[in-house]
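One-letter residues, chain by chain:
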Amino acid sequence: MFLKVLGSAAGGGFPQWNCDCPNCRRVRSNDRSFYNRMHNSLALSDNGEKWYLFNATPDVRSQIESHAELQPGLRIRNTPVLGVLLTDAELDHTIGLLQLRESAELEVYAAPPVLNALQEQFPVRKMLEPYAKFRWLAARPDESLPLFGGRVIVYPFYLGSKPPRYASIHENKSTVPSSPWVIGYRIVDQSTGGTAIYAPGVEQWTEELEQQLEHADCVFMDGTFWHSDELNRLNISELVAADMGHIPITGPSGSLERFAKVSADRKIYIHINNTNPILDEDSQENLRLRQLGIEVSYDGLELEV
């Protein structure tokens, strides 16, 4: 199977439109050690002809136009994109659904709370009804999703219970303490056995996550923040990584030491915030990752698994 990184940045992209942090300032100045990045998204194909997208970002049109394989052909109105698999209900991962509306017929997979949020609090489903024929399908942890006629099987798994801000006031955690608002996907090629993990939002490094990572060939891991208090250090926000549903890379609850021990051939951080020092290819943080055999994702990265 084939995987394409359509976007590697966290919310706001890189540079973020209203941010003048050192990283955003340097990428705008065309510093050679920085690259522009679109919102986090991945494309999957079994043979390079038909594709599924993981998340539909605000950059979805530009992401499709950046890859010839995702562009229409053969007929005036058509697309090789069969559907979208959502990891959560965040605006950065769902707004793009509205851009895919032009008489499209797509499958959209999401965890049940996300499907409900897109019907009620952010009523994308209602908004799209007059424009497109979307099939809204549940992606439940511990169930399997056969794609491409069963040639690729995707297994959703639980990553977190944090709803997006627009839906948080409606979530009663006392009654649904482990509601799967955030999920990852284990992707298995049935013909080769090749296995990839897509986990761009991780609240905690759990035993379940550890089990999902076993025997994977490639892992895309949440790399949002280097430090838990990264935004506070730059006087941007008082929020820490956990407040936003992410584990940092370093620190007592960080992912780095655990991720370095994972046996996968390719270990890649994705969903990288504009403040994260690993965006600087000449930084000590980026060098440390490379020394541990861990990559920093970039837009356009392609893999065959």
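Residues numbered from 1 in each chain as written. Predicted model: local features only at pLDDT ≥ 70, side-chain atom pairs only at ≥ 80, totals over all residues. Heavy atoms only, no water.

**Here we look at the overall build of the chain**
Helix and strand counts for the chain stand at eleven helices and 14 strands. Expected size for 305 residues packed as a compact globule is a radius of gyration near 19 Å; at 18 Å, the chain falls within 12% of this value. Viewed in the frame of its principal axes, the chain has a C-alpha envelope of about 50 × 45 × 40 Å. Among the 305 residues that make up the chain, the fraction classed as buried is 53%. Counting every atom, the chain has about 14,000 Å² of accessible surface; 47% of that belongs to carbon and sulfur. Charged side chains in the chain number 28 positive and 40 negative. The centres of these two groups are separated by 4 Å. (Helix = DSSP H or I, 4+ residues; strand = E, 2+ residues; numbered from the N terminus. Rg over C-alpha atoms; globule rule 2.2 N^0.38 Å. Buried < 20%, exposed > 50% of the residue type's maximum accessible area, 1.4 Å probe, protein only. Areas by Shrake-Rupley, 256 points an atom, 1.4 Å probe, with all protein chains shown as cover. Lys, Arg positive; Asp, Glu negative; His and termini not counted. Charge placed at Lys NZ, Arg CZ, Asp CG, Glu CD.)

**Comments concerning the packing of aromatic side chains**
Here a ring pair, both rings aromatic, is described through the centre-centre distance and the interplanar angle of the planes. If you walk through the whole model with that rule in mind, you get eight aromatic pairs. On the numbers, 5.1 Å between centres and 80 degrees between planes, the contact of Tyr52 with Phe148 is edge-to-face. Here Tyr52 is found in strand S3 (residues 51-54), whereas its partner Phe148 is found in the loop between strand S7 (145-147) and strand S8 (152-160), with 96 residues between them in sequence. Since its relative accessible area comes to 6%, Phe148 is described here as buried. Measuring from ring centre to ring centre gives 5.7 Å for Phe122 and Tyr166, while their planes differ by 65 degrees; the resulting arrangement is edge-to-face. (Phe/Tyr/Trp six-rings, centres within 6.5 Å; stacked < 30°, edge-to-face > 60°.)

**Quick look at the sheet that holds S8**
The seven strands are arranged S7-S8-S9-S10-S11-S12-S13 in an open sheet whose pairing can be described as mixed. At either end of the open sheet lies a strand with only one pairing partner, and these are S7 and strand S13 (294-296). Mean inter-strand twist for the sheet, computed between neighbouring axes without regard to direction, equals 25 degrees. (Pairing = 2+ DSSP bridges. Axes fitted to C-alpha atoms, helices over the stretch in contact; angles between N-to-C directions.)

**Digging into the pairing of strand S4 (residues 81-85)**
The buried fraction of S4 amounts to four of the five residues, a majority that puts the element mostly inside the structure. Pairing of S3 with S4, which is carried by four bridges, proceeds in the parallel orientation. The partner of Trp51 across the bridge, within S4, is Val81. In this fold, the crossover linking S3 to S4 by way of helix H2 (residues 60-65) has right-handed handedness. As paired strands, S4 and strand S5 (residues 107-110) are joined by three bridges and run parallel to one another. When the bridges of S5 are listed, Leu85 appears paired with Tyr109. (Right-handed = clockwise from strand over helix to strand, strands pointing away.)

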